[in-house]
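These are the residues of each chain, in order.
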Amino acid sequence: MWHKLKLDMRRNYQAYLMILPSVLLIAVFAYFPTYGIILAFKKFKPALGVFGSPWVGLKHFRDFLSSPYLWRLVRNTLGISLYTLAVGYPLPIVLALLLNEVNCLPFKKTVQTITYMPYFISTVVICGMVKSFLGYDGVLNEIIKALGGAGNVSWLSEPKYFQTIIVWTGVWQGLGWNSIIYMAALAGIDQQLYEAAKIDGAGRLRQIWYVTLPGIAPTIIIIIIMAIGSLLSVSSDKILLLYSPLTYETGDVVGTYVYRKGIKGAEYSYSEAVSLIDTVVNFLLLTGANWLSRKLTDTSLW
Amino acid sequence: MKRKSTKIRLTTGEVVFSCVNYLVLTILMLICLYPLYQVVVDSISGPGAVMRSNGMLIWPKDVHLDAYKIVFSNPNLRTGFANTLFYMFFGTGLQFLNVCLSAYTLSKKNLMLKKGLMIYFTVTMYVGGGLIPFFLLINNLGLMNSRWVLVIPYGYNVWNTIVMRTNFNGIPDGLREAATIDGASDFTILFRVLMPLSGAVSAVILLWGAVGYWNMWFEPMIYLTERSKYPIQSILREILIDANEQLMAGAGQTTVKFDPSTRSAANTLVKYANIVVCTVPILVVYPFAQKYFIKGVMIGSLKG
């Protein structure tokens, strides 16, 4: 066995040499940090290092699970995810269906190029625009005034609007881009089905209902299942840039909380415990969704 | 998708349907364009006009380019651009090189450790220590506030490696065998035989890598402490989000002065000019690279 391996190594030393840099990088930056999980069970003291710090058992977990933050984080994370699921998932499908009914090719291409564009604007710029447009003397208030409203709201300081802002800016940014996958599914539908439907006397709407939608149903189901799998992993990028102590109540999610407590507050052990709970729950959800996907659609992540 | 219009007459229902459809899509395009349009219009208008209208100008008014003069004379923005190019070049380059090299090994036949290496790679997609241990690791390695902190830890990419490996597996074995018989080494086969046949996939990986670096702001925020090393997005974050007025005003490098009574509107103008300057490059490049970006989505969707 060892002899064979040695022979293999010698014969293929170039191939092994080629993969070596990646293997080392993965060892250092992917595998090695997993030791940090034990941080969650310790009281971390920088002077003693991770291994020298004293054990505290499940103290950090108990602290978090009995803190008022637990409920707030779960509520906000689920709130933003479900909200995104409700508007961010159907809309790209609707867009794809509408685009599919356009016969004028240049118009279709223009719509595609323009609706994909926001996806390429950086997060920082998007949040900069949001901050400026939704300020007290911003464009949104001006539009509301023009329409006869009061227009005196400081949108980003009101907890009740925060999730709406996060979700709808996400829709603005991803609507076109997320429709690509459905456009591809639509391109795969057999044209003869449409001919047959027309001969049977089906109009445009009926064709959509009886031919187009069933044609892209598998894609829709997979995307929804995967969304359920990531229900508790909300991206904290935009939230970090837009929230403030005024809107922590509705904007704080696991990612932002871990960043605030861990990186800014240097409570490494406690925030690692929070992050660990999150990882485990997410992993279970993803595994569950994957299992469901395999049962229902024969497609899965692994 | 094209549908041959074999019909001569359209029913009333179909005409209505088409009209509504075109109308909805046109409105959607306007919604996508409006914020950018407003930013451009305000950025070239006078601060007084912007203040009176609270930024909602339909056409540019009192056109002048003072805001752009400030932006272009801001040394922080220039170093930001230069830094982003540095991170983009070395980060994407290192990652791409490692992706090609490891994908080659993982696609090579008759390699005893291939299966083990494959597992070693894929496990990392699902297991990780999270932000805090990574942060402590960077600290312990002495990478904190080093330029390489945005390059070396991102010098590999498992998902792209798998994509590239799938691509290599799709290239007929005969080519490799012929090269081997001619005495070509593994390196020669990779760079002379396989890579010239992998243009599209390479473009996808390089473009997405570059976009990732262009947008990066969180990692620089926690790992870099000196402004001289900040990429462009970090400078923008200070200007747009933290509203750092000193940085906004070109760090004292400009002779342009705004009337104090319109100061807040002038700040908005400068912010918008910054947005335009930092967004236009990517929006100009994107339509030409669109097909590769879309290809990337299709490759990415294979997993889900």
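Owing to the predicted nature of the structure, the values given are computational and were not obtained by experimental measurement. (Residues numbered from 1 in each chain as written. Chains lettered and ligands numbered in written order. Predicted model: local features only at pLDDT ≥ 70, side-chain atom pairs only at ≥ 80, totals over all residues. Heavy atoms only, no water.)

### Concerning the packing of aromatic side chains
Counted under the stated rule, the structure contains 35 aromatic pairs over all chains. By way of ring pairs, the aromatic residues Tyr116(A), Tyr119(A), Phe120(A), Trp177(A), Trp208(B), Tyr286(B) and Phe293(B) are connected into one cluster. Above the ring of Trp55(A), the side-chain terminus of Lys42(A) is found at 4.6 Å from the ring centroid. Note that Arg147(B) overlies the ring of Phe86(B), its terminal NZ or CZ placed 5.9 Å from the centroid. (Phe/Tyr/Trp six-rings, centres within 6.5 Å; stacked < 30°, edge-to-face > 60°. Lys NZ or Arg CZ within 6 Å of the ring centre and 35° of its normal.)

### Considering the interface of chain A and chain B
Facing 97 residues of chain A, the contacting portion of chain B comprises 93 residues. Summed over both partners, the interface of chain A with chain B buries about 9000 Å², with 74% contributed by carbon and sulfur atoms. Of all residues in chain A, Met18(A), Phe29(A) and Phe120(A) bury the most surface against chain B, accounting for 9% of the area lost on that side. In this structure, the connection of chain A to chain B is made through zero salt bridges. Remark: the boundary between chain A and chain B carries 18 residue pairs in polar contact (both at pLDDT 80 or more). Examining the composition of the side of chain A that touches chain B, we find that 15 residues originate from one element, helix 2 (residues 13-31) of chain A, more than from any other. (Contact = heavy atoms within 4.5 Å. Buried area = accessible area lost by both parts, 1.4 Å probe. Salt bridge = Lys/Arg side-chain N within 4 Å of Asp/Glu carboxyl O. Polar contact = N/O pair within 3.5 Å; in protein donor to acceptor, adjacent residues only side chain to side chain. Helix = DSSP H or I, 4+ residues; strand = E, 2+ residues; numbered from the N terminus.)

### Details of the confidence of the model for chain B
On average, chain B scores 87 in pLDDT, and the residues at 70 or more come to 92%. For chain B, helix 13 (residues 245-248) of chain B is the element with the lowest average pLDDT, namely 78, and helix 4 (residues 75-107) of chain B is the one with the highest, namely 95. (pLDDT = per-residue confidence, 0-100.)

### Observations regarding the domain arrangement of chain A
All names here are of chain A. By domain assignment, chain A separates into domain 1 (2-52) and domain 2 (59-297). The gap between the C-alpha centroids of domain 1 and domain 2 is 36 Å. Listed per partner, the contact involves eight residues of domain 1 and seven residues of domain 2. Summing both partners gives a buried area of about 610 Å² for domain 1 against domain 2, and 73% of it is carried by carbon and sulfur. Considering only the side of domain 1, the residues that lose the most area to domain 2 are Ile37, Ala40 and Phe44, jointly responsible for 60% of the buried surface there. Here domain 1 is connected to domain 2 by zero salt bridges. Here domain 1 is connected to domain 2 by four residue pairs in polar contact (both at pLDDT 80 or more). (Domains from an automatic or database assignment.)

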